Amino acid sequence: MTFLEVEKVSKSYGSNKAVEEVSFSIAEGETYGLLGPNGAGKSTTISMIVGVLRPDSGSIRIGGRPHGVGNNATKAQIGFVPQELALYPDLSAWDNLMFFARLYGVSGAEARRRCGEVLELIDLADRARENVSAFSGGMARRLNIGVGLLNRPRLLILDEPAVGVDAQSRNAILESIQRQAAEGVAVLYTTHYMEEAERLCDRVGIIDLGRIRAEGTQRELVSQVGEDDTIVLSLSGGTERAVLALKKIPQVREVSTEGSEVRLLVRDARSTVPLVLETVADSETVLRSVEVREPDLETVFLHLTGKALRN
Ligand SMILES: Nc1ncnc2c1ncn2[C@@H]1O[C@H](COP(=O)(O)OP(=O)(O)O)[C@@H](O)[C@H]1O
Ligand SMILES: [Mg+2]
């Protein structure tokens, strides 16, 4: 059953069209990823769904009911984990959770029960009495997620919740989200990390410059780029001239650079690699490594936008 329906939602800041006619829906138990680079419009989209920002146009339905800035009944079904940590560093994990529980209108024994439940979910039960200021970045992120779970939401919205955390915390975060989805919660997850979207999301919307450029399961999205492969070159110096020469190779469809790394989208890597190596050898750069990758979501993004996901 569809739980969240976003229909042609738009938001501009002055002349900047931050979000343009974005539509998608999420079913109960489904995890939907918004994958896009910084500035794509992910947080703005989320702010409208959470109900802190009014769309210029378009509509949002939650559980089949119209949802908006003033609608507290639908808002109560949302758990929101913001991009920036929203915690009190001088309070313990427990006191932070109790504070937010009261904010949600839950107190007494019920609040204590929920805080205990949440601490288990985010695997911080043994650190409950420590001040958040003593927490690692990953632990603070997990507690931030815990706050979003206090009201037992049916729609859990997380805005880049795993940015800058260690691998162990990232795993714990992704697993706690997967458990929520398994309980039937509809999950909206934004990220600019392809790996997270691939691992977590049933469906992904690729967002860039305020628009959803493509949507589907990972398999559906990858099939859109057809037989394209990615060749990743690591170069040292003289990258610009090499890129100009590489763009002239007919089999090369897209070229993007990220520091000393150059990514080429090519029709058929096997037949193109020799030509690519020859071209690099003729330019004034040193080739450090070459790698051929099967198409993944990064390839899809490059194909759709002509640029790398991480900028
Ligand atoms: N409060 C704001 N005022 C003006 N412009 C904003 C504001 N918030 C976001 N923007 C702009 O809207 C666009 C989308 O931003 P955002 O939704 O934060 O993207 P993302 O979360 O994908 O990084 C960007 O161009 C950003 O600069
Ligand atoms: Mg953002």
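Reading guide: rules and limits
- Residues numbered from 1 in each chain as written.
- Chains lettered and ligands numbered in written order.
- Predicted model: local features only at pLDDT ≥ 70, side-chain atom pairs only at ≥ 80, totals over all residues.
- Heavy atoms only, no water.
- Helix = DSSP H or I, 4+ residues; strand = E, 2+ residues; numbered from the N terminus.
- Expected span 1.5 Å × (residues − 1).
- Contact = heavy atoms within 4.5 Å.
- Phe/Tyr/Trp six-rings, centres within 6.5 Å; stacked < 30°, edge-to-face > 60°.
- Buried < 20%, exposed > 50% of the residue type's maximum accessible area, 1.4 Å probe, protein only.
- Lys NZ or Arg CZ within 6 Å of the ring centre and 35° of its normal.
- Patch = residues over 30% accessible without salt bridge, like charges linked within 9 Å, V, L, I, M, F, W, Y side chains within 5 Å.
- Areas by Shrake-Rupley, 256 points an atom, 1.4 Å probe, with all protein chains shown as cover.
- Salt bridge = Lys/Arg side-chain N within 4 Å of Asp/Glu carboxyl O.
- Polar contact = N/O pair within 3.5 Å; in protein donor to acceptor, adjacent residues only side chain to side chain.
- Pairing = 2+ DSSP bridges.
- Axes fitted to C-alpha atoms, helices over the stretch in contact; angles between N-to-C directions.
- Domains from an automatic or database assignment.
- Near = heavy atom within 4 Å.
- Nonpolar A, V, L, I, M, F, W, Y, C, P; charged D, E, K, R; others polar.

## Section: helix 6 (residues 167–182)
A rise of 1.5 Å per residue sets the reference length of helix 6, with its 16 residues, at 22 Å; its end C-alpha atoms lie 22 Å apart and thus fit the reference within 8%. Each element contacted by the buried residues of helix 6 is listed here: strand 3 (31–35), helix 4 (108–121), helix 5 (137–149), strand 7 (155–159), strand 8 (186–191) and helix 7 (194–200). Just downstream of helix 6, Gly184 is the residue with a positive phi angle, here 100°.

## Topic: the packing of aromatic side chains
Scanning the entire structure with this criterion turns up 4 aromatic pairs. For the ring pair Phe24 and Tyr32, a centre distance of 4.7 Å and an interplane angle of 10° mean the geometry is stacked. Judged by relative accessible area, which is 4%, Phe24 ranks as buried. The exposure class assigned to Tyr32 is buried, which follows from its relative accessible area of 0%. An aromatic cluster is defined as three or more aromatic residues linked by ring pairs; in this entry it consists of Tyr88, Phe99 and Phe100. The ring of Tyr193 carries Arg170 above its face, with NZ or CZ at 5.0 Å from the centroid.

## Some words on a nonpolar patch on the surface
A contiguous nonpolar surface patch, about 360 Å² in accessible area, is contributed by Tyr88, Leu91, Phe99 and Leu103. Owing to a relative accessible area of 30%, Phe99 belongs among the partly exposed residues under this scheme.

## A look at helix 11 (residues 297–305)
Within helix 11, 8 of the 9 residues are buried, which leaves the element mostly enclosed by the surrounding structure. For helix 11, every residue scored as buried is listed here: Leu297, Glu298, Thr299, Val300, Phe301, Leu302, Leu304 and Thr305. The N-terminus of helix 11 is capped by Asp296, whose side-chain oxygen sits 3.1 Å from the backbone nitrogen of Glu298. Just downstream of helix 11 lies Gly306, where phi reads positive at about 70°.

## With respect to the pairing of strand 8
Within strand 8, 6 of the 6 residues are buried, which leaves it mostly tucked inside the rest of the structure. With 5 bridges joining them, strand 3 and strand 8 adopt parallel strand pairing. Residue pairing across strands places Leu35 opposite Thr191, the latter belonging to strand 8. Across 5 bridges, strand 7 lies against strand 8 in parallel orientation.

## A short note on the sheet that holds strand 14 (residues 286–293)
Strand order in the open sheet formed by 4 strands is 12-13-11-14, and the pairing between neighbours is antiparallel. Both outer strands of the open sheet, strand 12 (252–258) and strand 14, are each paired with one neighbouring strand and no more. Within the sheet, the average angular offset between the axes of one strand and its neighbour, ignoring direction, is 20°. Across 6 bridges, strand 12 lies against strand 13 (residues 261–266) in antiparallel orientation. Directly across from Thr257, in strand 13, lies its bridge partner Val262. Of the strands in this sheet, strand 11 (229–236), strand 12, strand 13 and strand 14 are in contact with helix 10 (residues 269–282), which crosses strand 11 at around 20°. Contacts between helix 11 and the sheet are confined to strand 11, strand 12 and strand 13, with strand 13 contributing the most and set at about 80° to the helix.

## Focus on the domain arrangement of the protein chain
The domain architecture assigned to the protein chain consists of domain 1 (2–222) and domain 2 (227–294). Between the C-alpha centres of domain 1 and domain 2 there is a distance of 38 Å.

## Some words on the pairing of strand 11
Burial analysis of strand 11 places 7 of its 8 residues in the buried class, which makes it a mostly covered element. Taken together, the 6 bridges between strand 11 and strand 13 define a ladder with antiparallel strand orientation. Paired with Leu233 across the bridge in strand 13 is Val262. Relative to strand 14, strand 11 runs antiparallel, the two sharing 7 bridges. Looking across to strand 14, one finds that Thr230 is bridged to Arg293.

## Structural notes on the site of ligand 1
Every residue close to ligand 1 is listed here: Tyr13, Asn16, Ala18, Pro37, Asn38, Gly39, Ala40, Gly41, Lys42, Ser43 and Thr44. One of the side-chain nitrogen or oxygen atoms of Lys42 is found 2.9 Å away from an oxygen atom of ligand 1. With respect to ligand 1, the side chain of Thr44 contributes an N or O atom lying 2.6 Å from an oxygen atom. Residue assignment for the shell around ligand 1 shows that the elements contributing at least two residues are strand 2 (16–27) and helix 1 (42–50). With 3 residues, the single largest contributor to the shell around ligand 1 is helix 1. Counted by class, the shell around ligand 1 contains 4 nonpolar, 6 polar and 1 charged residues.

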